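Breakdown of the fold
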Amino acid sequence: MTPAFLLNSSRLTKDFGIVVLSAMPMVENKGSTLLAAALNMKWYIAYLCTCVGSFLPTPFLLKQGGDLLDKLRRYPGAGKALNSVDTFVAKHPRFFKRHAYFSILIVISIPFTGIGIWAGCALCNLLGLEKKRSLWMITLAIIVSGLITTLTTYGIVIGVRSLKLLF
């Protein structure tokens, strides 16, 4: 599904395209909000679609993420990185017991590409956090990240469009 295809399609197709795109790793709600603004979608529809799409892989990633991390440990580079994270967590158990869920919320909420739901779920699995509470924190982080991204993107788009009217 390319953006050119989405330009000439119905509203439902655009909404579905944004939901699917926001479920992708690295893109998530950050990149799909930009596309939604380029497609002239209303900001609240874009926000809803990106939040829904970002949430879709979360239960699967939390449930199956531990198995995926175990498979990754078999590879030398990834195994070494995961073992160093395990060592760091073992050295600071009090910190992670107190602040792990809030840290997940902050890490996912900051709208930088590459640090999102997929990375947050991997972190939850690495730290061995409770799945239900992790799901709530990730959901809250999706809402906050979606708000920040949508308001920033649409604020910039509105600002640029108003500048075009001046010149």
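Since the model is a prediction, treat every value here as computed from it, not as a measurement. (Residues numbered from 1 in each chain as written. Predicted model: local features only at pLDDT ≥ 70, side-chain atom pairs only at ≥ 80, totals over all residues. Heavy atoms only, no water.)

1. Thoughts on the packing of aromatic side chains
Within this structure, the stated rule accounts for 3 aromatic pairs. Seen in terms of ring centroids, W43 and Y44 are 5.8 Å apart; in terms of plane orientation they differ by 90 degrees. Their pairing is edge-to-face. Summarising the aromatic geometry, the rings of F88 and F96 are spaced 5.9 Å apart at their centres and angled 80 degrees between planes, so their arrangement reads as edge-to-face. Residue classification places F88 among the partly exposed residues on the basis of a relative accessible area of 45%. Taking relative accessible area as the criterion, F96 reaches 17% and is therefore assigned buried. (Phe/Tyr/Trp six-rings, centres within 6.5 Å; stacked < 30°, edge-to-face > 60°. Buried < 20%, exposed > 50% of the residue type's maximum accessible area, 1.4 Å probe, protein only.)

2. Observations regarding the environment of L69
In this fold, L69 is placed in helix α5 (residues 58-72). L69 sits 35 residues away from I104 along the chain, and the two C-alpha atoms are 18 Å apart. Once residues lying within four places of it in the same chain are set aside, the contact partners of L69 are L82, A122, N125 and L126. (Helix = DSSP H or I, 4+ residues; strand = E, 2+ residues; numbered from the N terminus. Contact = heavy atoms within 4.5 Å.)

3. Examining the environment of T152
Among the secondary structure elements, T152 is positioned in helix α9 (residues 131-166). With relative accessibility at 42%, the residue T152 sits in the partly exposed group. When the C-alpha atoms of T152 and C121 are compared, they prove to be 25 Å apart, with 31 residues separating the residues in sequence.

4. Overview of the packing of helix α3 (residues 28-38) against helix α4 (residues 43-55)
Interaxial distance between α3 and α4 falls to 9 Å at its minimum, and their mutual angle equals 150 degrees. By the criterion of interaxial angle, the relationship of α3 to α4 is roughly antiparallel. Handedness of the crossing formed by α3 with α4: right-handed. Where α3 approaches α4, its residues E28, N29, S32, T33 and A36 are matched on the opposing element by A46, T50 and S54. Counted by class, the contact of α3 with α4 contains 2 nonpolar, 5 polar and 1 charged residues. (Axes fitted to C-alpha atoms, helices over the stretch in contact; angles between N-to-C directions. Parallel < 35°, antiparallel > 145°, perpendicular 65-115°, else oblique. Left-handed = near helix turned anticlockwise from the far one by under 90°. Nonpolar A, V, L, I, M, F, W, Y, C, P; charged D, E, K, R; others polar.)

5. Looking at the confidence of the model for the chain
Per-residue pLDDT for the chain has a mean of 86; in total, 93% of the residues score no lower than 70. Least confident of the elements in the chain is helix α1 (residues 3-7), whose mean pLDDT is 60; most confident is α4, at 94. (pLDDT = per-residue confidence, 0-100.)

6. Focus: the pattern of salt bridges
For the coordinates displayed, the defined rule picks out 3 salt bridges. Across the pair R73 and D70 runs a salt bridge whose closest N-O atoms are separated by 3.9 Å. A relative accessible area of 28% means that R73 is categorised as partly exposed. Of the charged contacts in the structure, one is a salt bridge between D86 and R73, with a shortest N-O distance of 2.9 Å. (Salt bridge = Lys/Arg side-chain N within 4 Å of Asp/Glu carboxyl O.)

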